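Chain residues, written in single-letter form:
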Amino acid sequence: MGVLSVLDFFYEISGLHLNSSKCEIFSVGCSPRSVDLFQLISGFKKGCLPVRYLGIPLVTRKLTEKDCVVLIEKIKQRLHHWSARNLSYAVRLELIRSVLFSVSNYWCIQLILPHYILAKVDQLCSKFFWKGDDKPTKGARVSWDFICFSKAEGGLGLKNTKIWNKACSIDLIRKILAGHGLLWVAWLKTYVFKDQDFWNFIAGSNVSWSINRLLKLRLTDLSIFSSSSSLGLRDIWDAIRIKREKVSWHNLIWFPMHIPKFSLIAWMSLLNILPTRDRLLKIGISTDGTCVNCRDEQESRNHIFCQCTLAVRLWSSVLSLNGMKNASSIWEEMVNRASSTWKGKSLLTTILKLSWTTYIYTLWEERNQRIFKDRHRSTNELLNVIIEAVRIQLKGKNINRADRINSNLCNAWDIT
Ligand SMILES: [Zn+2]
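Quick caveat: nothing in here was measured; it's all calculated off a predicted structure.

Reading guide: rules and limits
Residues numbered from 1 in each chain as written. Predicted model: local features only at pLDDT ≥ 70, side-chain atom pairs only at ≥ 80, totals over all residues. Core = buried A, V, L, I, M, F, W, Y, C linked by C-beta atoms within 7 Å. Buried ≥ 20, exposed ≤ 12 C-beta atoms within 10 Å, placed from the backbone. Helix = DSSP H or I, 4+ residues; strand = E, 2+ residues; numbered from the N terminus. Domains from an automatic or database assignment. Contact = placed C-beta atoms within 7 Å. Axes fitted to C-alpha atoms, helices over the stretch in contact; angles between N-to-C directions. Parallel < 35°, antiparallel > 145°, perpendicular 65-115°, else oblique. Expected span 1.5 Å × (residues − 1). Left-handed = near helix turned anticlockwise from the far one by under 90°. Nonpolar A, V, L, I, M, F, W, Y, C, P; charged D, E, K, R; others polar.

1. A few points about the nonpolar core
Stage number 1. Of all hydrophobic cores here, the largest spans 71 residues; its most connected members are A266, A311, L314, Y359, I360 and L363.
Stage number 2. Counting residues per element, this core draws most heavily on helix α18 (residues 347-373), at 10 residues.
Stage number 3. Taken domain by domain, this core gets at least three of its residues from each of domain 2 (65-246) and domain 3 (250-413).
Stage number 4. For L314, the contacting residues outside a window of four places in its chain are Y359, L363, T379, L382 and L383.

The following block contains the structure:
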């Protein structure tokens, strides 16, 4: 009964009344009878360890797989819920972005997660991206690490959770070093490091797993700890993430007016990971390598987008709307020419990029419809699909029509 009056006293001085439906009791050294009695009087539930705060286990030891079951199950549930729908790659990518965002913002900021849990999260996301569910991603077309490269580097700019978790730990160390006003930082200083300096602190055997993980980070590049204090988490992450050289073509597909669904298929074609029939033939999935858009030659990336009669006719028609001629006969030439000449923010550049990504998507869609649905569209119908997509995307946009080139383009593409 003594404990209950303490709680009443706490209420009197703080005004905080404990909500019995949200409170749990954890007992040590009490007889089961007294615990039952206390439970009866207080209305609290019996809790089991570890204590969780908003779903997150409060422990300083290494989190076990069991501790993280909630996290993994939550992600699985969400992905499973989405897998029932037939979603485009672009939608899947955005959903993954939101999953990873919540993991990195909710779990990583508060905890140091073991690597195998982070790997599990990545694996679930990767399966969902390529397959739309959690079936194995046999033959995943590019690695998850590659997808986590920035868009300028050829990836899709997803956050690598492992690196993000490390960035969060470095941020925490910076807070400790700066004597940040967090209660936890004050606790660490008083009870763990005591009078010792963080850099020279020698951990005893009683130091927890998470503190040890923090101490290991002392080996990281020191400049990140000493650089300006205004460095945000994102800057830290960017400073420690693995980078690769920029690709020349990223501006062709990622530009302010891009249509994600189309840009993503163009991205796959640029990396040559679309399952074209020449590739399927090579790995023995298909026995027929003929292009269904012309029924003439073997389907490859170069053929389907550059040399196929349907492609040549379609792309020439698109360019002629801009008063231009089709000059590229092979894929590499087409991409190099576009990367080096479609520059700046002019209306012409935007239309070229929009129509090119739509062209790639539309040809690929046509190929799939012919194979899987036995549905055929004519060159003119495909051209109209491209015109319509560009027209809708640019409709009502602020365009300087006093410029003659712009006004001609608006007429040709029927932009209002
Ligand atoms: Zn063809």
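From this point, things continue past the structure.
2. So, unusual backbone geometry
Stage number 1. With a phi angle near 60°, R295 is a residue other than glycine that sits in the positive phi range.
Stage number 2. Mapped onto the secondary structure, R295 falls in the loop between α14 (277-282) and α15 (301-307).
Stage number 3. Of the residues examined, R295 has 9 C-beta atoms within 10 Å and is grouped as exposed.
Stage number 4. Backbone geometry at D374 places phi at a positive 55°, although glycine is not the residue there.
Stage number 5. In this fold, D374 is placed in the loop between α18 and α19 (379-394).
Stage number 6. With 8 C-beta atoms counted inside 10 Å, the residue D374 sits in the exposed group.

3. Let's talk about the packing of helix α5 (residues 115-131) against helix α7 (residues 161-177)
Stage number 1. Packing of α5 against α7 leaves a shortest axis separation of 9 Å and a crossing angle of 135°. Here α5 is positioned oblique relative to α7, judged by the angle of their axes. Residues H115, L118, V121 and D122 of α5 form the contact with α7, whose participating residues are T161, K162 and N165.

4. Remarks on the domain arrangement of the chain
Stage number 1. On domain assignment, one finds that the chain holds domain 1 (2-48), domain 2 (65-246) and domain 3 (250-413).
Stage number 2. Across the contact, 10 residues belong to domain 2 and 7 residues belong to domain 3.

5. Some points on α5
Stage number 1. Taking 1.5 Å of rise per residue, the 17 residues of α5 would be expected to cover 24 Å, and the 24 Å separating its terminal C-alpha atoms lies within 8% of that figure.
Stage number 2. Among the residues of α5, I117, L118, V121, D122, C125, S126, F128, F129 and W130 are the ones counted as buried.
Stage number 3. Phi turns positive one or two residues past the end of α5, at G132, with a value near 85°.

6. Observations concerning the packing of helix α16 (residues 309-321) against α19
How two helices sit against one another is set out by the angle between their axes and by the gap between those axes.
Stage number 1. At a minimum axis separation of 10 Å, α16 and α19 run at an interaxial angle of 45°. Between α16 and α19, the interaxial angle falls into the category oblique. Every pair of crossing elements has a handedness; the one defined by α16 and α19 is right-handed. Packed against α16, whose contacting residues are L310, R313, L314, S317 and V318, the element α19 presents T379, L382, L383 and I386 at the interface.
Stage number 2. When the residues that make up the contact of α16 with α19 are grouped by side-chain class, the tally is 6 nonpolar, 2 polar and 1 charged.

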